[in-house]
Amino acid sequence: MQLVPQLPPTVDPNTITMSPNPQATDSRRLKDIARVRLGQIGLNHGDLIFINYSHQENITNGHTNGVASSSSSAAPSTNRLDGKPVAPTENLPAALPTATSQAKHIKNPWEVIRQSALDDRLDRLDGKIPRSRDRMCKHGPKGMCDYCMPLDPFNAQYLADKKIKYLSFHSHLRKINSATNKPELGSSYIPPLKEPFFRVKQDCPSGHPQWPEGICTKCQPSAITLQPQPFRMVDHVEFASFELVNTFIDAWRKTGTQRIGILYGRYVEYTEVPLGVKAIVEAIYEIPQVDEVDGVSLNAWENEPAVNDVARLCGLEQVGVIFTDLLDSGAGDGTVVCKRHAESYYLSSLEICFAARLQSQHLKPTKWSDTGRFGSNFVTCIISGDETGQIAISSYQVSNEAMEMVQADLIEPSADPGVMLVREEEDLNDGLSGRSRYIPEVFYRKINEYGANVQENAKPDFPVEYLVVTLTHGFPAEPKPMFETPNFPIENREVMGESQQFGDVAKAISTSKDKKLGSLSDFHLLNFVHGMGVLSKVGTLPHWRIKPLRDQQARD
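Note that this is a predicted model, so its numbers are computed, not measured. (Residues numbered from 1 in each chain as written. Predicted model: local features only at pLDDT ≥ 70, side-chain atom pairs only at ≥ 80, totals over all residues. Heavy atoms only, no water.)

## As for the packing of aromatic side chains
For clarity, the threshold we go by: Any pair of Phe, Tyr and Trp rings, taking the six-membered ring for Trp, is counted once the centres come within 6.5 Å. Such a pair is stacked with planes under 30 degrees apart, edge-to-face with planes over 60 apart, and tilted for the rest. In DSSP terms, a helix is any run of H or I states spanning at least four residues, a strand is any run of E spanning at least two, and both are numbered starting from the N terminus. Each residue's exposure class comes from its accessible area (1.4 Å probe, protein chains only) as a fraction of the maximum for that residue type: buried when under 20%, exposed when over 50%, partly exposed otherwise.
Evaluation of the coordinates by the stated rule reveals ten aromatic pairs. Aromatic pair F502 and F528: ring centres 5.9 Å apart, planes at 55°, arrangement tilted. Here F528 lies in helix α11 (residues 523-532) and F502 lies in helix α10 (residues 502-509), a separation of 26 residues in the sequence. Residue class for F502 comes out exposed when judged on its relative accessible area of 56%. Classification of F528 by relative accessible area gives buried; the value is 16%.

## Quick word on the layout of surface pockets
Applicable threshold: Buriedness for pockets is judged along seven lines, at least five of which must meet protein on both sides within 12 Å for an open set on the 1 Å grid over protein atoms alone, while cavities are sets there where a 1.4 Å probe fits but cannot get out, and lining residues have an atom within 4 Å of a point. Grid points are joined across faces, edges and corners, and a volume is the space filled by probe spheres set on the points. Ten residue types, Ala, Val, Leu, Ile, Met, Phe, Trp, Tyr, Cys and Pro, are classed as nonpolar, four, Asp, Glu, Lys and Arg, as charged, and the remainder, Gly among them, as polar.
Taken as a whole, the largest pocket encloses approximately 1200 Å³ of empty space. Lining the largest pocket are 44 residues, with I260, V296, L298, L350 and F354 sitting closest to its centre. Those elements that provide at least two residues to the lining of the largest pocket are β12 (260-270), β15 (295-298), β16 (317-325), α8 (349-361) and β21 (411-413). In terms of residues, the lining of the largest pocket owes the most to one element, α8, which gives seven residues. Split by residue class, the lining of the largest pocket holds 23 nonpolar, nine polar and twelve charged.

## Quick notes on the pattern of salt bridges
A side chain of one charge can pair with a side chain of the opposite charge if their charged atoms are brought near each other. To keep things clear, this is the line we draw: In the sections that follow, a salt bridge refers to a side-chain nitrogen of Lys or Arg positioned within 4 Å of a carboxyl oxygen of Asp or Glu.
Applying the stated rule across the entire model yields 20 salt bridges. Residues R259 and D291 are paired through a salt bridge, measuring 2.6 Å at the closest nitrogen-oxygen approach. With R259 in the loop between α6 (242-255) and β12 and D291 in strand β14 (residues 289-292), this residue pair connects regions lying 32 residues apart in the sequence. Take R259: its relative accessible area is 1%, and that puts it in the buried class. Taking the shortest distance from any N to any O, the salt bridge between D325 and R340 comes out at 2.9 Å. Highlighted residues: D325 in strand β16 and R340 in the loop between β16 and α8, separated in sequence by 15 residues. With respect to class, D325 is no different from R340; both count as buried. Connected through shared salt-bridge partners, K254, R259, E286, D291, R493 and E498 make up one network.

## Quick word on the nonpolar core
Spelled out, the test is: The term nonpolar core refers to a set of buried residues drawn from Ala, Val, Leu, Ile, Met, Phe, Trp, Tyr and Cys, joined through side-chain atoms within 4.5 Å. Whether two residues are in contact is decided by their heavy atoms, any of which lying within 4.5 Å being enough.
Core analysis: the biggest nonpolar cluster contains 49 residues, and L226, Y264, F462, L467 and F523 have the highest contact counts within it. For this core, the element with the highest residue contribution is α8, accounting for five residues. What L226 contacts, discounting residues up to four positions off in sequence, is E401, M405, V442, F443, Y444, R445, F462, Y466 and L467. Counting 28 residues, the second-largest nonpolar core is a separate cluster that includes L244, I249, W252 and V319.

## Description of the packing of α10 against α11
Note the following rule: With axes taken as lines fitted to C-alpha atoms, and helix axes fitted only over the stretch in contact, angles between N-to-C directions fall between 0 and 180 degrees. Reported orientations rely on four angle classes, namely roughly parallel under 35 degrees, roughly antiparallel over 145, roughly perpendicular from 65 to 115, and oblique for the rest. By definition, any crossing whose near helix is turned counterclockwise from its far helix by less than a right angle is left-handed, and any crossing with a clockwise turn is right-handed.
The geometry of α10 relative to α11 is characterised by a closest axis approach of 11 Å and an angle of 120° between their N-to-C directions. With respect to α11, the axis of α10 lies oblique. The crossing of α10 and α11 is left-handed. Contact residues: F502, V505 and A508 in α10; L525, F528, V529 and M532 in α11. Grouping the constituent residues of the contact of α10 with α11 by class yields seven nonpolar, no polar and no charged.

## Here's the deal with the pairing of β12
Heads up, the condition is: Two strands pair under a simple rule: DSSP has to find at least two bridges between them.
Most of β12 is tucked away, with eight of its eleven residues classed as buried. Where β12 meets β16, six bridges bridge the pair, whose relative direction is antiparallel. Each residue of the ladder has a partner; that of L263, found in β16, is G320. Where β12 lies against strand β13 (residues 276-285), nine bridges are found, and the strand directions are antiparallel. Pairing of G265 across the sheet is with V281, part of β13.

## Topic: the sheet that holds strand β24 (residues 453-457)
If you trace the three strands from one edge of the open sheet to the other, you get β9-β23-β24, paired in mixed fashion. Looking at strand neighbours, the two that pair on one side only are β9 (224-226) and β24, the edges of this open sheet. Neighbouring strand axes in the sheet, compared pairwise and without regard to direction, differ in orientation by 30° on average. In this structure, strand β23 (residues 442-447) lies alongside β24, joined through five bridges in antiparallel fashion. Pairing of F443 across the sheet is with N457, part of β24.

Take a look at the structure:
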């Protein structure tokens, strides 16, 4: 800053402000607008400006003694992110404080990345779809021809016949791996999966200053052409019992406000889809929240690590999020208003950004990607009204491109839930006008009114359908839930008149009236007892699970 040497040495540079009038009624600190263009703050060349400043306090040999001056502490930065001051040159994605640099490439990820046991088991499977003899076969019982030979798991005709809309992740992996690596050619192996990256690359080898001071074709992201994702990371969501979902909906029935919860369960193979994966939901944990008629506001979830520890000891993990979007129809027959349908939307732009942030927090480790990770198995379930006015569940994921676009701060929700907005490079309304943001060209393809497949510019907005992947869901024919006695009060329902008390624990562990110990098979009870801190972590069953309790109950 060339102004500071012209001022007295006792001036605190952090307090220098600029105003277009001598009364300083619209003053702004220079350090906050140092990289902002004059046109953005309403100034033109030749305008008269007025400078104001404060002197440093507690001066010792020309330097402060480490105590912040009252003047500097009284003027917080106008640039804020998540409630915290942000430097004007700080290049952070909004509301998602993650690294802006690309994930490091891993040499031989198949040797160092530890993926889940389910992925290892699916990797070892052949994946071929067997077929019986066809009427066109002319060979004997031990022969094989084109009409009866096994199909690849990504065979388009088989998926169309079975009405399977998306490839499973491992089928997609087999498809692109067969096109990327050809062992018969003797070429070196290349990981077939690559994460999308839409941010400016850091440490460009061209030698120019880093963005935003400089940029070149090597470090700037390429243009984005949006296409519906042809595969999904999870194919099916199965709730362990109907009572699990019904108990969650009871919160809306009692208050008329919406509710959100975290799904705890496990991932298993889904045989209805070639090389498919399904998430089995065993419990719903209702996190701290403020419920409203048209949504929820989340509070800090301070005991999340403790809840995850209890779930891990039960063989579970976070598999998704579920929330309600219900409105009573007023007919008095229990029906609800159908908000989500083909003429409106199924997943709003705000919910897509929310789901993308959660999926980015639960990345999937895989040895088939050069960065050691790819996509996410985290699912989003919505309870809302269907076309008949009944309460129904819908399950979704957002695409990997949506995850990266939210992380790169390229898109933002719209007031119209059916469209997503592409952000501007310099947005004067976001309160962070000094922050740098590079927005590449974004396009999408659609069928126009003449039936032609044309490419459209996604600015200023585009349909949300390009970012959504739909999943199937259901309940088991013979429910065998892990938690068999869900009678303990649910957490964070004090506003409804429900609270967890020590007396409830005494009732749960009581064996009077021939009640067996199986009443401890409750996820909410286990978390409450764990939070009491009365049990030692070291015991006779260090890897205690719920199943031994059921086995003991059966023997009794």
